[in-house]
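# Structural overview
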Amino acid sequence: MSVGILLLAAGESVRYRAACGRHKLLEPVEGEAMLARCYRIAMQSGLPVAIVLRPEPLALRNCVAGAQQIVLPSAGIGNSVAAGVQATSHWDGWLIMLADMPWLQPETLLQVAQALKQHKQVRTCWQGMPGHPVGFSRDCYPQLAALSGETAARDLLKQSGVYLLTTQDAGTVQDIDLPAMWLNKES
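Residues numbered from 1 in each chain as written. Predicted model: local features only at pLDDT ≥ 70, side-chain atom pairs only at ≥ 80, totals over all residues. Heavy atoms only, no water.

Under an unreviewed UniProt entry, the chain has the name Purine catabolism protein PucB and belongs to Mixta intestinalis.

Put into structure tokens, the structure is as follows:
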């Protein structure tokens, strides 16, 4: 069973940029751009990885040079998931990983991929809180490929149910949306 990771990086970082003028995925995390770090984490899992990006800024595309890049002027997370799934239609399953979660552990990605062998949909859960990545089997392809706009796959999870995979990885629920959120994450 070939399961791969779709690393979603096509957001415009609107709230973050409004607060400080910078794109959050270019912010340094322990010496590397957040996007580069998330890509490295995904690659460390050993699973295939494809990154969904916007055409601009070029700095994002350059910090993951050599990666399989799916470039589109995304109208929302639904479009990003659909484009990624369509471009990797040869995969048997997809892990949706967000590019603003730089503390996720590679082992967690492998656990979700493993759980997809028995479940149609898998979502990580840390201390009772649902997190990412979220995994979908081949059975979900038609629905994932049809997503658009800001319609995320969470609606699909509500319709069909999901297996909650309990994890010890706090990185599954730690993301960065605003500069002030760094204060809570660096301890």
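Along the chain, Glu-56 connects to Pro-57 via a cis peptide bond; the corresponding omega equals 0 degrees. Within the fold, Pro-57 resides in the loop between strand 4 (49–53) and helix 3 (58–62). The residue after His-132, namely Pro-133, is reached through a cis peptide bond having omega 10 degrees. At Glu-30, a position not held by glycine, the phi torsion is positive, near 50 degrees. Counting through the fold element by element, Glu-30 comes out in the loop between strand 2 (28–29) and strand 3 (32–33). The exposure class assigned to Glu-30 is exposed, which follows from its relative accessible area of 66%. Of note, the phi angle at Gln-127 is positive, near 50 degrees, even though the residue is not glycine. Relative to the elements of secondary structure, Gln-127 occurs in the loop between strand 7 (121–126) and strand 8 (129–137). (Helix = DSSP H or I, 4+ residues; strand = E, 2+ residues; numbered from the N terminus. Buried < 20%, exposed > 50% of the residue type's maximum accessible area, 1.4 Å probe, protein only.)

Another point: the packing of aromatic side chains. The full count for this structure, using the stated rule, is one aromatic pair. Between Trp-94 and Tyr-141, the aromatic rings sit 5.8 Å apart at their centres with planes inclined by 35 degrees, giving tilted as the arrangement. Taken as a pair, Trp-94 in strand 6 (residues 93–98) and Tyr-141 in helix 6 (residues 141–145) lie far apart in primary sequence, 47 residues in all. Its relative accessible area of 22% is what places Tyr-141 among the partly exposed residues. For the cation-ring pair, Arg-138 lies above Tyr-141, with the distance from its terminal atom to the ring centre recorded as 5.5 Å. (Phe/Tyr/Trp six-rings, centres within 6.5 Å; stacked < 30°, edge-to-face > 60°. Lys NZ or Arg CZ within 6 Å of the ring centre and 35° of its normal.)

Our focus in this paragraph is the pattern of salt bridges. Taken as a whole and judged by the stated rule, the model has five salt bridges. Of the charged contacts, one joins Glu-12 and Arg-54 as a salt bridge, the two residues approaching to 3.9 Å between their closest N and O atoms. In this pair, Glu-12 is assigned in the loop between strand 1 (3–9) and helix 1 (14–20) and Arg-54 in the loop between strand 4 and helix 3, connecting sequence segments 42 residues apart. A residue is classified by how much of its surface remains accessible, and Glu-12, at 45% relative accessible area, is partly exposed. You can call Arg-54 buried: its relative accessible area is 17%. Where Glu-30 meets Arg-37, a salt bridge forms, and the shortest distance between an N and an O atom there is 3.3 Å. For Arg-37, a relative accessible area of 10% translates into the label buried. (Salt bridge = Lys/Arg side-chain N within 4 Å of Asp/Glu carboxyl O.)

In this section: the layout of surface pockets. What the largest pocket holds in volume is close to 950 Å³. Counting residues per element, the ones that place at least two in the lining of the largest pocket are strand 1, helix 1, helix 4 (77–87), strand 6, strand 8 and helix 7 (154–160). For the lining of the largest pocket, the element with the highest residue contribution is strand 8, accounting for five residues. Tallied by class, residues from the lining of the largest pocket come to 20 nonpolar, nine polar and 10 charged. (1 Å grid on protein atoms, 1.4 Å probe; cavity = no way out; pocket = protein on both sides within 12 Å on 5 of 7 lines; lining within 4 Å. Points joined across faces, edges and corners; volume = space filled by probe spheres on them. Nonpolar A, V, L, I, M, F, W, Y, C, P; charged D, E, K, R; others polar.)

Moving on to helix 5 (residues 106–115). All of the buried residues in helix 5 are Pro-106, Thr-108, Leu-109, Val-112, Ala-113 and Ala-115. Elements in contact with the buried residues of helix 5: strand 1, helix 2 (34–44), strand 6, strand 7, strand 8 and strand 9 (163–166). (Contact = heavy atoms within 4.5 Å.)

Right, let's get into the sheet that holds strand 9. Taken in spatial order, the seven strands line up as 5-4-1-6-8-7-9 in an open sheet, and their pairing is mixed. The strands lining the two open edges of the sheet, one partner per strand, are strand 5 (68–71) and strand 9. Across the sheet, the mean angle from the axis of one strand to that of its neighbour is 30 degrees, orientation sign disregarded. Relative to strand 8, strand 6 runs antiparallel, the two sharing four bridges. The residue bridging Trp-94 from the neighbouring strand is Phe-136, located in strand 8. (Pairing = 2+ DSSP bridges. Axes fitted to C-alpha atoms, helices over the stretch in contact; angles between N-to-C directions.)

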